[in-house]
Amino acid sequence: TAESPIALRNILNEYLPQTVAKNMGSPALNFRTGRFANSARVENLAVGPRGGLHIDYTYMREPYETFEPGGKQGSTQRDPRKLIGSSIRELAVGILGRQPTTLRRT
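Note that this is a predicted model, so its numbers are computed, not measured.

**Quick notes on the side chain of Asp56**
At step 1: Relative to the assigned elements, Asp56 resides in strand β2 (residues 53-58).
At step 2: We classify Asp56 as buried; its relative accessible area is 10%.

Shown next, in the form of structure tokens:
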């Protein structure tokens, strides 16, 4: 998987919904129907010139974007980007043994 970004992206997408669901709970977003957890997915994965890993991800922004800071129900504790980012980092460390350099929502 370290040599193939596509294979790593596929593995991350396979396990990301379960990891997001496991990490959900107060004070962050709570797991109810699984719709949010199942909407999280890695869009693009690139290896930088110095070996850093850059991961772009997305999720169902309508209606969950409202929980981002600056949204109507926004707070730093309920931020969906924080929840998905920590889940991706957890999976990446388990697979590669190191954290990704950059995570970005697309």
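**Re the packing of aromatic side chains**
At step 1: Applying the stated criterion across every chain yields a total of two aromatic pairs.
At step 2: A centroid spacing of 5.8 Å and a plane angle of 70° characterise the contact between Phe36 and Tyr59, whose relative ring orientation is edge-to-face. Residue Phe36 is found in helix α2 (residues 35-39), and its partner Tyr59 is found in the loop between β2 and α3 (61-64); the two are separated by 23 residues along the sequence. With respect to burial, Phe36 and Tyr59 carry one shared label: buried.
At step 3: Measuring from ring centre to ring centre gives 4.9 Å for Phe36 and Tyr64, while their planes differ by 55°; the resulting arrangement is tilted. Here Phe36, found in helix α2, pairs with Tyr64, found in helix α3; they are 28 residues apart in sequence, far enough to count as distant. In terms of burial, Phe36 and Tyr64 fall into one category: buried.
At step 4: Ring pairing ties together the aromatic residues Phe36, Tyr59 and Tyr64, which thus form one cluster.

**Some thoughts on the nonpolar core**
At step 1: Counting residues in hydrophobic clusters, the biggest one holds 22 residues, and the most contacted among them are Val20, Phe36, Ile55, Ile84 and Ile88.
At step 2: Among the secondary structure elements, those contributing two or more residues to this core are α1 (5-23), α2, β1 (41-47), β2 and α4 (80-96).

**Brief notes about α1**
At step 1: At Leu16, α1 shows its largest bend, some 40°, and a proline, Pro17, comes one to four positions later.
At step 2: Every buried residue of α1 is accounted for by Leu8, Leu12, Leu16, Pro17, Thr19 and Val20.

**Quick word on the sheet that holds β2**
At step 1: With mixed pairing, the three strands of this open sheet are ordered in space as β1-β2-β3. Looking along the sheet, the strands with just one partner apiece sit at the ends: β1 and β3 (102-105). Shown here is a sheet whose adjacent strand axes are inclined to one another by a mean of 20°, direction ignored.
At step 2: This element, α1, spans β1 and β2 of the sheet and lies at about 150° to β1.
At step 3: Here α4 sits on the sheet and contacts β1, β2 and β3; the angle it forms with β2, its principal contact strand, is near 135°.

**Examining α4**
At step 1: Taking 1.5 Å of rise per residue, the 17 residues of α4 would be expected to cover 24 Å, and the 24 Å separating its terminal C-alpha atoms lies within 8% of that figure.
At step 2: Residues Pro80, Leu83, Ile84, Gly85, Ser87, Ile88, Leu91 and Ala92 constitute the buried set of α4.
At step 3: Residues of α4 that are buried make contact with α1, α2, β1, β2, α3 and β3.
At step 4: Two residues or fewer past α4, Gly97 is found with a positive phi of approximately 85°.

Scoring rules and cut-offs
- Residues numbered from 1 in each chain as written.
- Predicted model: local features only at pLDDT ≥ 70, side-chain atom pairs only at ≥ 80, totals over all residues.
- Heavy atoms only, no water.
- Helix = DSSP H or I, 4+ residues; strand = E, 2+ residues; numbered from the N terminus.
- Buried < 20%, exposed > 50% of the residue type's maximum accessible area, 1.4 Å probe, protein only.
- Phe/Tyr/Trp six-rings, centres within 6.5 Å; stacked < 30°, edge-to-face > 60°.
- Core = buried A, V, L, I, M, F, W, Y, C linked by side-chain atoms within 4.5 Å.
- Bend = angle between axes of the 7 residues up to and from the residue.
- Pairing = 2+ DSSP bridges.
- Axes fitted to C-alpha atoms, helices over the stretch in contact; angles between N-to-C directions.
- Contact = heavy atoms within 4.5 Å.
- Expected span 1.5 Å × (residues − 1).

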